[in-house]
Amino acid sequence: MARIPSIDDLDVAGRKVLLRVDINSPIDLGTGQIADFNRIDKSLPTIRDLADRGARLVLIAHQGDTLDYHNLVDLAQHAAALSGRLGRPVGFIDDVAGPAARRAIKTLGDGDILLLDNLRYLTEEVSTFERDVKLTPQQMAGTYLVRSLAPLFHYYVNDAFAAAHRASPSMVAFQEVLPAAAGRLLIAEIDALTAVADSPQRPCVYLLGGLKISDAFGMLGKVLGDGTADEVLTAGVTGQVFLLAKGAGLGEASEKFIRDRNLWGFVDEARRHLAGHADAIRLPLDFAVEVEGKRVEIPVDDLPTEHLILDIGSRTIAAYTEAIRRAATVFVNGPPGAYENPNADAGTRALWQALADTPAHTVIGGGDTVSSAKRFIDTTAIDVVSTGGGALIRYLSGKPLPLIEAMRAAAERFWAK
Ligand code: 3PG
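Worth saying up front: this structure is predicted, and the values here are computed from it rather than measured. (Residues numbered from 1 in each chain as written. Predicted model: local features only at pLDDT ≥ 70, side-chain atom pairs only at ≥ 80, totals over all residues. Heavy atoms only, no water.)

Novice: Explanation requested: the sheet that holds strand β8 (residues 231-234) in the structure shown.
Specialist: Two modes of strand pairing occur in sheets, parallel and antiparallel, and in both the strands are linked by backbone hydrogen bonds. The six strands lie next to each other as β9-β8-β7-β13-β14-β15, forming an open sheet whose pairing is parallel. Two strands bound the open sheet, and with one partner strand each, they are β9 (281-282) and β15 (384-385). Where helix α14 (residues 314-326) meets the sheet, it contacts β7 (204-208), β8, β9 and β13 (329-333), and its direction lies at approximately 150° from that of β8. Relative to β13, helix α15 (residues 346-357) is tilted by about 145°, and along the sheet it contacts β7, β13 and β14 (361-364). (Pairing = 2+ DSSP bridges. Helix = DSSP H or I, 4+ residues; strand = E, 2+ residues; numbered from the N terminus. Contact = heavy atoms within 4.5 Å. Axes fitted to C-alpha atoms, helices over the stretch in contact; angles between N-to-C directions.)

Novice: So what exactly am I meant to see when it comes to helix α9 (residues 184-198) here?
Specialist: Three or four residues apart is the spacing at which side chains of an α-helix point the same way, because the helix has 3.6 residues per turn. With 15 residues, α9 extends 20 Å from end C-alpha to end C-alpha; this agrees with the ideal 21 Å at 1.5 Å per step. Within α9, burial applies to Leu 185, Leu 186, Glu 189, Ile 190, Ala 192, Leu 193, Val 196 and Ala 197. Summarising the axial view, the buried residues of α9 lie within an arc of 165°, below the 170-degree limit, and thus occupy one face. (Expected span 1.5 Å × (residues − 1). Buried < 20%, exposed > 50% of the residue type's maximum accessible area, 1.4 Å probe, protein only. Arc of directions from axis to C-beta.)

Novice: In this structure, what is going on with the site of the ligand? I would like to understand it.
Specialist: In the neighbourhood of the ligand, the contacting residues comprise Asp 22, Asn 24, Arg 39, His 62, Arg 120, Ala 162, His 165 and Arg 166. Here an oxygen atom of the ligand sits 2.9 Å away from a polar atom, N or O, in the side chain of Arg 39. The contact in question runs from an oxygen atom of the ligand to an N or O atom on the side chain of Arg 120, over 2.8 Å. Contact with the protein chains removes 81% of the 310 Å² of surface that the ligand exposes when unbound. The cavity that encloses the ligand is the largest pocket. Residues belonging to the shell around the ligand are distributed by class as follows: one nonpolar, three polar and four charged. (Near = heavy atom within 4 Å. Polar contact = N/O pair within 3.5 Å; in protein donor to acceptor, adjacent residues only side chain to side chain. Areas by Shrake-Rupley, 256 points an atom, 1.4 Å probe, with all protein chains shown as cover. 1 Å grid on protein atoms, 1.4 Å probe; cavity = no way out; pocket = protein on both sides within 12 Å on 5 of 7 lines; lining within 4 Å. Sits in = over half its atoms within 2 Å of the grid points. Nonpolar A, V, L, I, M, F, W, Y, C, P; charged D, E, K, R; others polar.)

Novice: Help me out: how do you make sense of empty space enclosed by the protein in this one?
Specialist: Where empty space is left in the structure can be found by rolling a water-sized probe over the atoms. Evaluated as defined, the whole model comprises one cavity of 30 Å³ or more. In this structure, the largest cavity occupies an estimated 50 Å³ of space. Taken together, the residues of the lining of the largest cavity sort by class into three nonpolar, three polar and five charged. (Points joined across faces, edges and corners; volume = space filled by probe spheres on them.)

Novice: Got a minute to help me understand the nonpolar core in this structure?
Specialist: The tendency in soluble globular proteins is for nonpolar side chains to be buried as a group. If you look at the biggest cluster of nonpolar residues, it comprises 88 residues, and the most contacted ones within it are Leu 116, Leu 149, Phe 174, Tyr 206, Val 241, Phe 331 and Leu 396. The greatest single-element share of this core, amounting to seven residues, is contributed by helix α10 (residues 213-225). Both domains that furnish three or more residues to this core are identified here as domain 1 (7-184 + 400-415) and domain 2 (202-359). Not counting residues within four places of it along the chain, the set of residues in contact with Tyr 206 comprises Val 196, Ala 197, Met 219, Val 223, Thr 228, Ala 229, Glu 231, Val 232, Leu 233, Phe 331 and Leu 396. Within the second largest apolar cluster, 30 residues are counted, among which are Leu 10, Ala 55, Ala 79 and Phe 414. (Core = buried A, V, L, I, M, F, W, Y, C linked by side-chain atoms within 4.5 Å. Domains from an automatic or database assignment.)

Novice: Which parts of the structure should I look at to understand the packing of aromatic side chains?
Specialist: The geometry of two aromatic rings is summed up by the distance between their centres and the angle between their planes. Throughout the structure, instances matching the rule amount to six aromatic pairs. A ring pair is formed by Tyr 206 and Phe 331, whose centres lie 5.0 Å apart and whose planes are at 50°; its orientation type is tilted. Taken together, the residues Tyr 206 in strand β7 and Phe 331 in strand β13 connect sequence positions 125 residues apart. Among the residues examined, Phe 331 registers a relative accessible area of 0% and is labelled buried. (Phe/Tyr/Trp six-rings, centres within 6.5 Å; stacked < 30°, edge-to-face > 60°.)

Novice: Help me understand the pairing of strand β2 (residues 56-60), please; the structure alone is not making it clear to me.
Specialist: The side chains of a regular strand alternate, first on one face of the sheet and then on the other. Within β2, four of the five residues are buried, which leaves it mostly tucked inside the rest of the structure. As for the winding sense of the linkage, the β-α-β connection from strand β1 (residues 16-20) through helix α1 (residues 38-52) to β2 is right-handed. Pairing analysis gives three bridges linking β2 to strand β4 (residues 113-115), with the strands arranged parallel. Residue pairing across strands places Val 58 opposite Leu 114, the latter belonging to β4. (Right-handed = clockwise from strand over helix to strand, strands pointing away.)

Novice: Would you mind showing me how to read the pattern of salt bridges here?
Specialist: Side-chain pairing between opposite charges can occur once the charged atoms of the two side chains come close. Per the counting criterion, the structure on display carries 25 salt bridges. The residue Asp 49 makes a salt bridge to Arg 53 at a minimum N-O spacing of 2.9 Å. Through salt bridges with shared partners, one network takes in Glu 231, Arg 282, Glu 322, Arg 325 and Arg 326. (Salt bridge = Lys/Arg side-chain N within 4 Å of Asp/Glu carboxyl O.)

Keep in mind these values describe shape, not function.
Structure (structure tokens):
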């Protein structure tokens, strides 16, 4: 398979480069301002490198979607944030691919940077268009976005790993008509995925917690089935569902919580995983609940409890810390407890600290995982803090990522020239 070209393979001086980044950021409901700059910060190395080498650089990016409409805002503040961090001007134009954008692109000088407006102001770029219309990358080369912008550029660079699960024109179609290369972040993220999903150092431990248990269950089939994970530590609601599958009663409050979120269907799935891989799956030994404003721990043998389960307990924390300490690779998705509540943050605090302390190769991903890790530890101690949410989960669940497929196909064409 041909190597995906990187920006080091391009001679960009004086050339027009179209760079797709993912700087989709949470927007504070009250202020309307960007609430987390992680993806903006992670995009800087590629932008800086290309501009320093004299590229005439145009950035394209999406923000929000029809499905998370309050995040669907223009990109003016993203340009200001990029400019402040890069210490050089980043122009912004409130047009995506119309005449004003095209005129601005034509006037760029060497090393200039211009951010176009939110790609999702175009129908072709919203995720429902992808779902409903289902165009191939070849067909997407005929979309308004690609027809309008591609003729103005020499190269297309993609550094938007976090959107790798989106088969939209900006992600998979410019490769059809322009020489395409990967940015530094995309290469780093693909290497990180390979390290946890395809050829992990052993033992490889997956810690799966959080509320969005469809993510955890999506991955379980793959990582247990093909032996990627030597051990899976279950926590959060995933841990509770596994205990239900073993026949434990959690108590009315926690069972209602699971039923109300339509998660009961996962109990059968958990039972199937236990039947096939009981040795590899670790279950919580105890839990924490809140009684009259205080944290109280309950061993699993003393269940059910009338209180809502909020966290793993001390014995589970000790056992999982030890498993992390023994591992050579640790992947984490989902906090173990309701960490925003001080009575329920001990599990998340302790296990994130164990991650920071271990010399193992550590990878975390997903919005809630990263924001909870930032709350308790210095995340520079983690080897890879993925920018991916949906993209990461999809890859680890064994499903293809449209971006990686498009970049691989483009690589064959790139090196054939
Ligand atoms: C993300 O936030 O996961 C990516 O930016 C993709 O966004 P989307 O899920 O709205 O396509």
